[in-house]
Amino acid sequence: MPSTKSPIIGIDLGTTNSCAAFVQEDGKVKLIPYKGGDYTIPSIYAVDDKGNELIGHEAKRQWQLNPKNTIYAAKRLIGRSPKDDVVNTMRDVVAFNLAAGDRNDVVIECANRTFRTVEVSARILNKIRTVASDYLKVPVSRAVVTVPAYFTDRQRQAVKDAGLLIDLEVMRIINEPTSASLAYGVGKGLKETVLVYDLGGGTFDVSIIEIRDRVFEVKATGGDVFLGGIDFDNAMIKHVLADFQSKHGVDLSTDPVAMQRIKDLAERTKIDLSSRAEVPFNIPFITMTPQGMPLNIEMMFTRKLLEQLTSHLVDRTLKTCAQVLVDANLASGSIDEVMLVGGQTRMSLVQERLTKFFGKAPSKGVNPDEAVAVGAALYAHSLEDNSNIRLQLLDVIPMAIGLEKAGGEFHVVFPRNAAIPNAKRIVATTSYDNQDALAMRIFQGDHKLVKDNELLGEFTFSGIRPDKAGRVQVEITFDVSVEGILTMSARDPATGKEMKTTVRVT
Ligand SMILES: Nc1ncnc2c1ncn2[C@@H]1O[C@H](COP(=O)(O)OP(=O)(O)OP(=O)(O)O)[C@@H](O)[C@H]1O
Ligand SMILES: [Mg+2]
């Protein structure tokens, strides 16, 4: 039953599909349907040739014909620097143009306009909000939004910024696997250690979570923000292109419409191969010979071939699982349940390999498409004033946060898997007479050299009192919030005076 007062909704802002849910007055979680049907909305934004904006299903429906102005997988780009390898890899496979923005971010060119990635995510969030408001018949203004556990501070901040752009109050950012564990564990009085294996469209996350009734404590997390169903599709596409080239001597990769048709069929074939052993892969009139003869793609795709083409991707996920077990100081046998989340976990190879790895079959305890949104809705509900459920989420940061030392070395302030919220203080001193400002560059990542990590920002503390070198101390506080977002402040311990802090991301 739609409620009369606007609830805080839970939103799973996915790379390929987004989903929203809320807790009804009777305490049950309800997924918000789109026009009575689907519970998910494709995370796709497009502009058609008349200049109309299309979001979700409408955008997906036309993307074969309008690939250049159809933006998908913006989540892979959000909060990233244009120099990032991930961005370069993405540039090779998408039909829309990516360029460098002026905030060390990526911008997308679409229909003669330039969009910041947060603007694209904001539009998708807004669509979800509109669908929810229509369904609930009250304007929705507050939400809990999930992000991959493996998102950095900058990526989390970017999602909050997307909310700000559309006046949606993001009450709390929570991690997708943690959210899924809520869907599994809330209200059951459990005492279990679960491992959430979340392989979605664009990202892979794994978290080990200890559930003690209403306390959900993340022991360790790991992942890859550039590994998901899209990469399985791309492995298939690469094979189809090579096969076509060898049969006809034609490279289809430069033809955006042909590529889009192949991409579409690759994904559908991949999905069919989760329930069938072989599926024909045929596309008529994909191109023409210079003589004007039409050429078709005609081949058979077997599950075996798909497995051959993608088993290295599954290997990568298992390597991460092994590392996360080490980080949590647990043996694979001490995991009570392995929860599967994300559409790509329907692939039988994934399930078989996990069964072998953990010595037991994964749990069927949650719906892989809905668990993240359901958990977000449960958490959202616990934040309501009149709520009678109190949930305690104890999460961690996915990668170390620290500062640049002389010579480009990385000095770790918070190690990977440090519990959040968390605060640390370091004391620095001036290095020359009358130094009035101190600058430091902060990074996130697990590499020894800062150049291999992600720059979070360059912080400048100014207003240092004039004195001889080494005589003034600057006490710098690093604060990581429950959402995994860093703020910094500095004070003069002798006077107690706060210094002015400015952040510059270049
Ligand atoms: N039956 C299936 N077999 C194999 N893959 C599938 C199946 N159903 C869906 N997928 C794949 O799952 C992916 C989408 O999963 P999901 O909706 O969980 O991702 P998402 O939440 O949008 O992404 P992310 O969580 O990475 O941001 C797509 O790549 C899709 O092709
Ligand atoms: Mg997901």
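This structure is a prediction, so every number in the text was calculated from the model and none was measured.

*Asks:* I'm lost on the overall build of the protein in this one. Help?
*Replies:* Helices and strands together make up the secondary structure of the protein, namely 10 helices and 29 strands. For the protein, whose C-alpha radius of gyration is 24 Å, the value lies close to the compact-globule estimate of 23 Å for 506 residues. In terms of overall dimensions, the protein has a C-alpha envelope of 80 × 55 × 50 Å along the principal axes. Averaging the locations of the 61 positively and 63 negatively charged side chains of the protein gives two centres separated by 1 Å.

*Asks:* What is the right way to look at the nonpolar core in this model?
*Replies:* Note that soluble globular proteins tend to have their nonpolar side chains buried in a common cluster. Grouped together as the largest cluster of nonpolar side chains are 59 residues, with contacts concentrated most on Ile-9, Ile-11 and Ile-71. Element by element, the count of residues in this core is highest for helix 3 (residues 117-136), at 9 residues. Those residues in contact with Ile-71, other than ones at most four positions away along the chain, are Ser-43, Ile-44, Tyr-45, Phe-96, Ile-108, Cys-110, Phe-115 and Val-120. Formed by 48 residues, the second largest nonpolar core is a distinct cluster that contains Val-279, Ile-283, Ile-297 and Met-347.

*Asks:* I'm lost on empty space enclosed by the protein in this one. Help?
*Replies:* To locate leftover empty space, one rolls a probe as large as a water molecule over the atoms. On inspection of all chains with the given rule, the structure shows 4 cavities of 30 Å³ or more. By volume, the largest cavity amounts to about 100 Å³. Forming the boundary of the largest cavity are 14 residues, of which Leu-13, Gly-14, Ala-74, Lys-75 and Ser-121 lie nearest the centre. Sorting the residues of the lining of the largest cavity by element identifies helix 3 and strand 11 (142-147) as the ones contributing at least two each.

*Asks:* Is there a simple way to explain the packing of helix 6 (residues 229-248) against helix 7 (residues 256-272) in this structure?
*Replies:* A pair of packed helices can be characterised by two numbers: the angle between their axes and the separation between those axes. Direction vectors running N to C along helix 6 and helix 7 enclose 120°, while the axes themselves pass 9 Å from each other. One element, helix 6, and the other, helix 7, form an angle in the oblique class. The interaxial crossing formed by helix 6 with helix 7 has right-handed handedness. Between helix 6 and helix 7, the residues in contact are Gly-229, Phe-232, Asp-233, Met-236, Ile-237, Val-240 and Leu-241 and Met-259, Ile-262, Lys-263, Ala-266, Glu-267, Thr-269 and Lys-270, respectively.

*Asks:* Any chance you could explain the pairing of strand 24 (residues 437-444) here in plain terms?
*Replies:* Moving residue by residue along a regular strand, the side chains alternate between the two faces of the sheet. With 3 bridges joining them, strand 20 (residues 401-404) and strand 24 adopt antiparallel strand pairing. Bridging across to strand 24, Ile-401 finds its partner in Gln-444. Of the strand pairs in this sheet, strand 24 and strand 25 (residues 454-462) are connected by 8 bridges, and their pairing is antiparallel. When the sheet's bridge partners are listed, Met-440 is paired in strand 25 with Phe-459.

*Asks:* Sorry, what's going on with the packing of aromatic side chains here?
*Replies:* Evaluation of the coordinates by the stated rule reveals 8 aromatic pairs. Note on Tyr-45 and Phe-115: the rings are 5.3 Å apart at their centroids and 70° apart in plane angle, and the pair reads as edge-to-face. With Tyr-45 in strand 5 (residues 44-47) and Phe-115 in strand 10 (residues 113-116), this residue pair connects regions lying 70 residues apart in the sequence. Of the two residues examined, Tyr-45 and Phe-115, each falls in the buried class. Arranged with centres 5.8 Å apart and planes meeting at 50°, the rings of Phe-281 and Phe-301 form a pair that is tilted. Taken together, the residues span a long stretch of sequence, with Phe-281 in strand 16 (residues 278-288) and Phe-301 in strand 17 (residues 294-302) at a distance of 20 residues. Here Phe-281 matches Phe-301 in class, with each residue buried. Members of the aromatic cluster, connected to one another through ring pairs, are Trp-63, Tyr-72 and Phe-96.

*Asks:* How do you make sense of the sheet that holds strand 19 (residues 392-396) when you look at a structure like this?
*Replies:* Within a sheet, neighbouring strands are paired by backbone hydrogen bonds and run either parallel or antiparallel to one another. Ordered in space as 18-13-14-15-19-22, the 6 strands form an open sheet in which the pairing is mixed. Lying at the two open borders of the sheet, with one neighbouring strand each, are strand 18 (337-341) and strand 22 (419-420). Taken together, the 3 bridges between strand 15 (residues 215-224) and strand 19 define a ladder with parallel strand orientation. Its bridge partner lying in strand 19, Val-215 is registered against Gln-392. Contacting strand 13 (191-199), strand 14 (204-212) and strand 15, helix 8 (residues 303-328) crosses the sheet at an angle of about 140° to strand 15. Its contacts with the sheet put helix 9 (residues 348-358) on strand 13 and strand 18, and the angle it makes with strand 13 is roughly 145°.

*Asks:* Just checking my understanding: could you explain the pairing of strand 26 (residues 473-480) for this structure?
*Replies:* Most of strand 26 sits out of view: 6 of its 8 residues are buried. Both strand 23 (residues 422-429) and strand 26 contribute to a ladder of 8 bridges, which runs antiparallel. Looking across to strand 26, one finds that Val-427 is bridged to Glu-475. Bridging between strand 26 and strand 27 (residues 486-492) involves 6 bridges; their strand directions are antiparallel. When the bridges of strand 27 are listed, Asp-479 appears paired with Thr-487. Counted along the chain from strand 26 to the antiparallel partner strand 27, the turn is 5 residues long, and its residue Gly-484 has a positive phi close to 80°.

Rules and cut-offs
- Residues numbered from 1 in each chain as written.
- Chains lettered and ligands numbered in written order.
- Predicted model: local features only at pLDDT ≥ 70, side-chain atom pairs only at ≥ 80, totals over all residues.
- Heavy atoms only, no water.
- Helix = DSSP H or I, 4+ residues; strand = E, 2+ residues; numbered from the N terminus.
- Rg over C-alpha atoms; globule rule 2.2 N^0.38 Å.
- Lys, Arg positive; Asp, Glu negative; His and termini not counted.
- Charge placed at Lys NZ, Arg CZ, Asp CG, Glu CD.
- Core = buried A, V, L, I, M, F, W, Y, C linked by side-chain atoms within 4.5 Å.
- Buried < 20%, exposed > 50% of the residue type's maximum accessible area, 1.4 Å probe, protein only.
- Contact = heavy atoms within 4.5 Å.
- 1 Å grid on protein atoms, 1.4 Å probe; cavity = no way out; pocket = protein on both sides within 12 Å on 5 of 7 lines; lining within 4 Å.
- Points joined across faces, edges and corners; volume = space filled by probe spheres on them.
- Axes fitted to C-alpha atoms, helices over the stretch in contact; angles between N-to-C directions.
- Parallel < 35°, antiparallel > 145°, perpendicular 65-115°, else oblique.
- Left-handed = near helix turned anticlockwise from the far one by under 90°.
- Pairing = 2+ DSSP bridges.
- Phe/Tyr/Trp six-rings, centres within 6.5 Å; stacked < 30°, edge-to-face > 60°.

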